[in-house]
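Structure assessment
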Amino acid sequence: MASHMYELKKGIFKENPTFIIMLGMCPTLGVSTQVSNALGMGASVLFVLFFSNIVISMLRKVIPDTIRIPSYIVVIASFVTIVEMVLHAFVPSVYAALGVYLPLIVVNCIILGRAEAFANKNTVLDSALDAIGMGIGFTLSLTLIALIREIFGAGTITLFPMGSFSGVITIPGLSESPVRVLTLAAGALLVMGYLKAFFQWKTSRSEKA
Amino acid sequence: MSYIGILVTYIFVQNFILVQFMGLCPFIGVSRNSESAIGMGMAVTFVTAIASVVCWAVYHFLLVPFDLDYLRTIAFILVIAALVQLVEMVIKKMSPALYKALGIYLPLITTNCAVLGIAIIAIDNNYNMLESFFAGLAAGLGFTMAIILMSNIREKLETTAVRSVFNGVPIAFISAGLMALAFMAFDKSLIVNLHLA
């Protein structure tokens, strides 16, 4: 049981895909302008990662070693197409906001990386737990970047509209004169650089202790 | 849009790395020295230019006539994977010298977002075949320019004292961010003022 818990938890902190292994940077920076987009992207990646890890883990003894990468890509692309169609049909606003980054989940290194490094060597249960952990880790880091960029860059937090709640929280004081650059491309790279430095500082401190 | 307009758009205004964040993994991973940066940039340019044309042909001659355009993502990634393999074999046969220079970068390109990205962007913008080719070429050139600039900055950083927590990847991201700030000077008004729209 302890090892199963480990597979689940490692993706969230110890092997966090965004800040520690540094995989899947393109969507991370591309869609983190609004919290709602980050959550939509995180959920899509979690879904694709979960099902592709399960399918690849089930097929790991069937797929010949020489053509494993193309086979993985076909499995992943099928699930990405499902996500695309579902989002297009039910949440068109998120579909429009994610734009070209949605089909680009296919080439997100996290998913192919987990298939290659984990799912083709481990059991279905472990692979599913690994996928959930990694997916949550990715969603959390993406949301963190989006929170920083949106709060300081626009002075708002955009969530999904529910009932009488319009979905946008405005932060007084910041929304009048936000640091506009953070919502632009340059801001994304700067925020990522400082966050990565922060995590390097954390790791170096915990190693000393 | 004119062909020069497309070139300027994807090299400067919509630069794949500094504005659209496509292909960041090789940008950070392979930019340690300028030689490998040039190799990677050339390999990517080569593949994006061919892939955007081939994907355009597959989409318009195969997927649309059979009403299969929802299979776009799957079809494109397979086409790109096969194409990269083919390019690798052709270069190996035709020009061993070029293969030696680009060889190790070619397999990495299949999972480079820039290649799939430009193929999809070209379809979304309803480009014709030649426009797709120019868009692919320009995207690759923009990538090459950014990665070569970055590698020069990183070679300078090697000999500069950097605080240990910023060493390596963080300082690379921050330098890229400052480069992106400079690239904000190129926007849509550039295209309008040059009468390229």
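Residues numbered from 1 in each chain as written. Chains lettered and ligands numbered in written order. Predicted model: local features only at pLDDT ≥ 70, side-chain atom pairs only at ≥ 80, totals over all residues. Heavy atoms only, no water.

Thoughts on the overall build of chain B
- Helix and strand counts for chain B come out as ten helices and zero strands.
- Mapped from its N terminus to its C terminus, chain B presents α and β elements in the order α-α-α-α-α-α-α-α-α-α.
- Against the compact-globule benchmark of 16 Å for 197 residues, chain B has a radius of gyration of 18 Å, which places it among compact chains.
- Oriented by its inertia axes, the alpha-carbon framework of chain B measures out at about 60 × 45 × 30 Å.
- Counting the 197 residues in chain B, one finds 52% classified as buried.
- Of the roughly 9000 Å² of accessible surface on chain B, a fraction of 68% belongs to carbon and sulfur atoms. (Helix = DSSP H or I, 4+ residues; strand = E, 2+ residues; numbered from the N terminus. Rg over C-alpha atoms; globule rule 2.2 N^0.38 Å. Buried < 20%, exposed > 50% of the residue type's maximum accessible area, 1.4 Å probe, protein only. Areas by Shrake-Rupley, 256 points an atom, 1.4 Å probe, with all protein chains shown as cover.)

Things to note about the overall build of chain A
- Scanning chain A for helices and strands turns up eight helices and two strands.
- Taken from the N to the C terminus, the helices and strands of chain A come in the order α-α-α-α-α-α-α-β-β-α.
- Taking 209 residues into account, the globule formula puts the C-alpha radius of gyration at 17 Å, and chain A, at 18 Å, falls close to it.
- For chain A, the spread of C-alpha atoms along the principal axes amounts to about 60 × 50 × 30 Å.
- Counting every position in chain A, which comprises 209 residues, the buried fraction comes to 50%.
- Intrachain contacts of chain A at a sequence separation of at least 6 include 75% that bridge at least 24 residues.
- Carbon and sulfur atoms make up 71% of the accessible area of chain A, which amounts to about 9300 Å² in all.
- Of the side chains in chain A, 14 bear a positive and 10 a negative charge, and the two mean positions are spaced by 6 Å. (Contact = heavy atoms within 4.5 Å. Lys, Arg positive; Asp, Glu negative; His and termini not counted. Charge placed at Lys NZ, Arg CZ, Asp CG, Glu CD.)

Quick notes on the pattern of salt bridges
All names here are of chain A.
- Tallied over the entire structure, the rule returns five salt bridges over all chains.
- With its nearest N and O atoms 3.8 Å apart, the salt bridge here joins aspartate 65 to arginine 68.
- Under the relative-accessibility criterion, aspartate 65 is labelled exposed at 56%.
- Connected through salt bridges with shared partners, the residues Lys10, Arg114 and Asp130 form a single ionic network. (Salt bridge = Lys/Arg side-chain N within 4 Å of Asp/Glu carboxyl O.)

With respect to the interface of chain A and chain B
- Every contact between the two is made by 36 residues of chain A and, on the other side, 34 residues of chain B.
- Buried surface at the junction of chain A and chain B, summed over both partners, amounts to about 3000 Å²; 84% is from carbon and sulfur atoms.
- In this structure, the connection of chain A to chain B is made through zero salt bridges.
- Counting every contact that joins chain A to chain B gives three residue pairs in polar contact (both at pLDDT 80 or more).
- For the side of chain A that touches chain B, the leading source of residues is helix α8 (residues 185-208) of chain A, giving twelve residues.
- Of the residues that constitute the side of chain A that touches chain B, the class distribution is 28 nonpolar, six polar and two charged. (Buried area = accessible area lost by both parts, 1.4 Å probe. Polar contact = N/O pair within 3.5 Å; in protein donor to acceptor, adjacent residues only side chain to side chain. Nonpolar A, V, L, I, M, F, W, Y, C, P; charged D, E, K, R; others polar.)

Observations concerning the environment of proline 65 of chain B
- With respect to the element layout, proline 65 of chain B can be found in the loop between α3 (34-63) and α4 (72-94).
- Those residues in contact with proline 65 of chain B, other than ones at most four positions away along the chain, are Tyr59 and His60 of chain B.

Brief notes about a nonpolar patch on the surface
Residue and element names in this part refer to chain A.
- A surface patch of nonpolar side chains, amounting to about 350 Å² of accessible area, comprises Met58, Leu59, Val62 and Val124.
- Topologically, leucine 59 is positioned in the loop between α3 (35-58) and α4 (68-90).
- The exposure class of leucine 59 is partly exposed, given its relative accessible area of 33%. (Patch = residues over 30% accessible without salt bridge, like charges linked within 9 Å, V, L, I, M, F, W, Y side chains within 5 Å.)

Some words on helix α8 (residues 129-158) of chain B
- With 30 residues, α8 of chain B ought to run about 44 Å at 1.5 Å a step, and its terminal C-alpha atoms sit 43 Å apart, in line with that.
- N-cap assignment for α8 of chain B: the residue whose side-chain oxygen lies 3.2 Å from the backbone N of leucine 130 of chain B is asparagine 128 of chain B. (Expected span 1.5 Å × (residues − 1).)

Describing the confidence of the model for chain B
Residues and elements named next belong to chain B.
- In this model, chain B carries an average pLDDT of 85, and 97% of its residues clear a pLDDT of 70 or more.
- Taken element by element, chain B is modelled with least confidence in helix α6 (residues 106-109), mean pLDDT 74, and with most confidence in α8, mean pLDDT 91.
- Two numbers describe this predicted complex: its pTM, 0.85, and its ipTM, 0.82. (pLDDT = per-residue confidence, 0-100.)

Here we look at the packing of aromatic side chains
Residue and element names in this part refer to chain A.
- Applying the stated criterion across every chain, the model contains 14 aromatic pairs over all chains.
- Aromatic pair phenylalanine 51 and phenylalanine 79: ring centres 5.7 Å apart, planes at 25 degrees, arrangement stacked. One end of the pair, phenylalanine 51, is in helix α3; the other, phenylalanine 79, is in helix α4, with 28 residues separating them in the sequence.
- For phenylalanine 51, a relative accessible area of 31% translates into the label partly exposed.
- Given a relative accessible area of 14%, phenylalanine 79 falls into the buried group.
- Linked through ring pairs, Phe47, Phe50, Phe51 and Phe79 together constitute an aromatic cluster. (Phe/Tyr/Trp six-rings, centres within 6.5 Å; stacked < 30°, edge-to-face > 60°.)

Some words on unusual backbone geometry
Residue and element names in this part refer to chain B.
- The phi dihedral of aspartate 67 falls on the positive side, at around 60 degrees, and the residue is not glycine.
- Mapped onto the elements of the fold, aspartate 67 is located in the loop between α3 and α4.
- For asparagine 126, which is not a glycine, the phi torsion comes out positive at approximately 55 degrees.
- Examined against the element boundaries, asparagine 126 turns out to sit in the loop between α7 (113-124) and α8.
- In this structure asparagine 126 comes out as exposed when scored by relative accessible area, which is 67%.

What about α4 of chain A?
- The terminal C-alpha atoms of α4 of chain A lie 33 Å apart, and with 23 residues this matches the ideal 33 Å at 1.5 Å per residue to within 8%.
- Every buried residue of α4 of chain A is listed here: Ser71, Tyr72, Ile73, Val75, Ile76, Ala77, Phe79, Val80, Thr81, Val83, Glu84 and Leu87 of chain A.
- Looking at the buried positions of α4 of chain A, the neighbouring elements they touch are α3, α5 (92-98) and α6 (109-119) of chain A together with α4 of chain B.

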